[in-house]
Amino acid sequence: MNLTIGPLLYWWPRPALMDFYAQVADGPAQTVVLGELVCSRRNEFKLDDWLDLGRDLRQAGKEVVIATQALVMSEAELRTLRRVCEQEEFAVEAGDAAALRVLARAAAQDPGRPAFWLGPHLNIYSRAALEEHAALGATQWVAPVELALDALALINPPPEPVLGIDGPIRTEVFAFGRLPLAFSARCFTARHHRLRKDDCEFRCRDDADGLLLKTTEGEPFLALNGIQTQSAALQCLINQGPLCAKAGVASLRLSPCGQGFTRVVELFDAVFHQGLAPATALAELRALPLPGELVDGFARRQPGLEPLQPLPSEALV
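None of the values given here were measured: they were computed from a predicted structure. (Residues numbered from 1 in each chain as written. Predicted model: local features only at pLDDT ≥ 70, side-chain atom pairs only at ≥ 80, totals over all residues. Heavy atoms only, no water.)

## Quick look at the overall build of the protein chain
- When its secondary structure is counted, the protein chain shows ten helices and 14 strands.
- Over its C-alpha trace the protein chain gives a radius of gyration of 19 Å, about what one expects of a compact globule, namely 20 Å for 317 residues.
- If you line up the protein chain on its principal axes, its C-alpha atoms span 55 × 50 × 35 Å.
- Nonlocal contacts in the protein chain, meaning residues at least 24 apart in sequence, comprise 71% of its contacts between residues at least 6 apart.
- Total accessible area computed for the protein chain in this model is approximately 14,200 Å², and 52% of it derives from carbon and sulfur atoms.
- Computing the positive centroid from 30 side-chain charges and the negative centroid from 39, the protein chain places the two 5 Å apart. (Helix = DSSP H or I, 4+ residues; strand = E, 2+ residues; numbered from the N terminus. Rg over C-alpha atoms; globule rule 2.2 N^0.38 Å. Contact = heavy atoms within 4.5 Å. Areas by Shrake-Rupley, 256 points an atom, 1.4 Å probe, with all protein chains shown as cover. Lys, Arg positive; Asp, Glu negative; His and termini not counted. Charge placed at Lys NZ, Arg CZ, Asp CG, Glu CD.)

So this is what it looks like as structure tokens:
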């Protein structure tokens, strides 16, 4: 299975961001998704900067995709969205229906332009919905994070995959990282600091992995990341290889975190491409300074915060 580095969901200082992608360029992941997905006020890196970075990563042998914002709320954000969708250097991952409309129109006018992907925040929960989007020109579907792996096998089954204009639609799953759960017009990070959204002082730069939110009992529950709400725990499918294969998963998305991520990518590569035992990799993952516990409940039709469980023996048959 292909390894994809998902878009950076946090606002890291420019030097840290550049150092991170230099490590990605030397790492084993085949695909990198770039761009600002969460908040347009995070403008230290503009579209031209993302495109320059994409060119550098392409020179390093990576496939590069540019993502659009998942929640568009202003004309300025629409203008940026159109610029992302209309550039023809890289494929685009549609973050919302506005991007989908621009991309579908462009694909109809120029069949030779780069294909586009369906991002995880589009509401695609059935085969009929995937077929409808595939007809617009999409080639890859990033499944919503709460879908179980056996549900993916029903929506886009390997024996009878949904067909797009260039062949079968590829399925990608969110395999590592804090789960992106929701977006809001309100900035929860600014609210936490008693600031207005338009005068937020860019406080999210202080939280490399978002701002942890605990229950009244003191248990980690959610993470606040500007207008995005995430899980406090990290989804991890490193021991779900057999179920991923059975579901026809073509690519695993690894979402960046502030510490230990380079080793995370290496361990996923070792398990899925080099034959390392998942139990060995999992033991090392748990020893890393990751920002949360590892869970995989959604993948197994359980509550998302369910801790990692070993695969039942019947799933290995």
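Resuming the write-up.
## Regarding the nonpolar core
- Core analysis: the largest hydrophobic core is formed by 77 residues, its most contacted members being Tyr 21, Trp 141, Phe 176, Ile 238 and Phe 268.
- Of the residues forming this core, the biggest block, seven residues, is contributed by helix H9 (residues 261–274).
- Ignoring anything within four residues of it in the chain, the contact list for Phe 176 reads Leu 234, Gln 235, Cys 236, Arg 253, Leu 254, Ser 255, Cys 257, Phe 261, Val 264, Phe 268, Leu 290 and Leu 294.
- In terms of nonpolar packing, the next biggest core, distinct from the first, is built from 15 residues, Leu 9, Ala 70, Ala 91 and Ile 227 among them. (Core = buried A, V, L, I, M, F, W, Y, C linked by side-chain atoms within 4.5 Å. Buried < 20%, exposed > 50% of the residue type's maximum accessible area, 1.4 Å probe, protein only.)

## Topic: the pairing of strand E4 (residues 91–94)
- A two-sided burial pattern is seen for E4, the buried positions comprising Ala 91 and Glu 93 on one face and Val 92 and Ala 94 on the other.
- The pairing of strand E3 (residues 63–67) with E4 spans three bridges and is parallel. Following the sheet pairing, Ala 67 is matched in E4 by Glu 93.
- In this fold, E3 hands off to helix H3 (residues 75–86), which returns the chain to E4; that crossover is right-handed.
- In the sheet, E4 pairs with strand E5 (residues 116–118) via three bridges, with the strands oriented parallel. For Val 92, the partnering residue across the bridge sits in E5 and is Phe 116.
- Regarding topology, helix H4 (residues 97–109) serves as the crossover connection from E4 to the parallel E5, and that connection is right-handed. (Pairing = 2+ DSSP bridges. Right-handed = clockwise from strand over helix to strand, strands pointing away.)

## A short note on the environment of Pro 303
- Inspection of the secondary structure puts Pro 303 in the segment after strand E14 (294–295).
- Residues Pro 303 and Glu 266, spaced 37 residues apart in sequence, show a C-alpha to C-alpha distance of 28 Å.

## A few points about the pattern of salt bridges
- Evaluation of the coordinates by the stated rule reveals 15 salt bridges.
- The closest approach of N and O atoms between Arg 55 and Asp 52, which form a salt bridge, is 2.4 Å. One end of the pair, Arg 55, and the other, Asp 52, are both in helix H2 (residues 47–59), three residues apart, so they sit about a helical turn from each other.
- Taking relative accessible area as the criterion, Arg 55 reaches 29% and is therefore assigned partly exposed.
- Two residues, Asp 296 and Arg 300, come together in a salt bridge whose shortest N-O distance is 2.9 Å. (Salt bridge = Lys/Arg side-chain N within 4 Å of Asp/Glu carboxyl O.)

## Let's talk about the confidence of the model for the protein chain
- The share of residues in the protein chain with pLDDT of 70 or more is 97%, and the mean pLDDT across the chain is 92.
- Note on residues 311–317: pLDDT is under 50 here. Beyond four places in sequence and across chains, it has eight contacts. (pLDDT = per-residue confidence, 0-100.)

## Structural notes on the packing of H3 against H4
- Where H3 contacts H4, the two axes come as close as 9 Å, and the packing angle between them is 40°. In terms of their interaxial angle, H3 and H4 are classed as oblique. Like other packed secondary-structure pairs, H3 and H4 cross with a definite hand, here right-handed. Across the interface between the two elements, Leu 78, Leu 81, Cys 85 and Glu 86 of H3 pack against Ala 98, Ala 99, Val 102 and Leu 103 of H4.
- For the contact of H3 with H4, a count of residues per class yields seven nonpolar, no polar and one charged. (Axes fitted to C-alpha atoms, helices over the stretch in contact; angles between N-to-C directions. Parallel < 35°, antiparallel > 145°, perpendicular 65-115°, else oblique. Left-handed = near helix turned anticlockwise from the far one by under 90°. Nonpolar A, V, L, I, M, F, W, Y, C, P; charged D, E, K, R; others polar.)

## Digging into the side chain of Gln 240
- Mapped onto the fold, Gln 240 is located in the loop between strand E12 (228–236) and helix H8 (241–246).
- Within polar-contact distance, the side chain of Gln 240 engages the side chain of Asp 296 at 2.9 Å. (Polar contact = N/O pair within 3.5 Å; in protein donor to acceptor, adjacent residues only side chain to side chain.)

## Digging into the environment of Leu 213
- For Leu 213, the location among the structural elements is in strand E10 (residues 211–214).
- As a C-alpha pair, Leu 213 and Gln 230 span 17 residues in sequence and 9.8 Å in three-dimensional space.
- Beyond its immediate chain neighbours, meaning those up to four positions away, Leu 213 contacts Glu 219, Pro 220, Phe 221 and Leu 222.

## Some details on the pairing of strand E6 (residues 138–142)
- Most of E6 is tucked away, with five of its five residues classed as buried.
- The pairing of E5 with E6 spans three bridges and is classified as parallel. Across the sheet, Leu 118 pairs through a bridge with Trp 141, a residue of E6.
- This β-α-β element, E5 to helix H5 (residues 127–134) to E6, shows right-handed connectivity.

## Describing unusual backbone geometry
- Positive phi, close to 55°, is recorded for Phe 202, a residue that is not glycine.
- Residue placement: Phe 202 occurs in the loop between helix H7 (188–192) and E10.
- With a phi angle near 60°, Arg 301 is a residue other than glycine that sits in the positive phi range.

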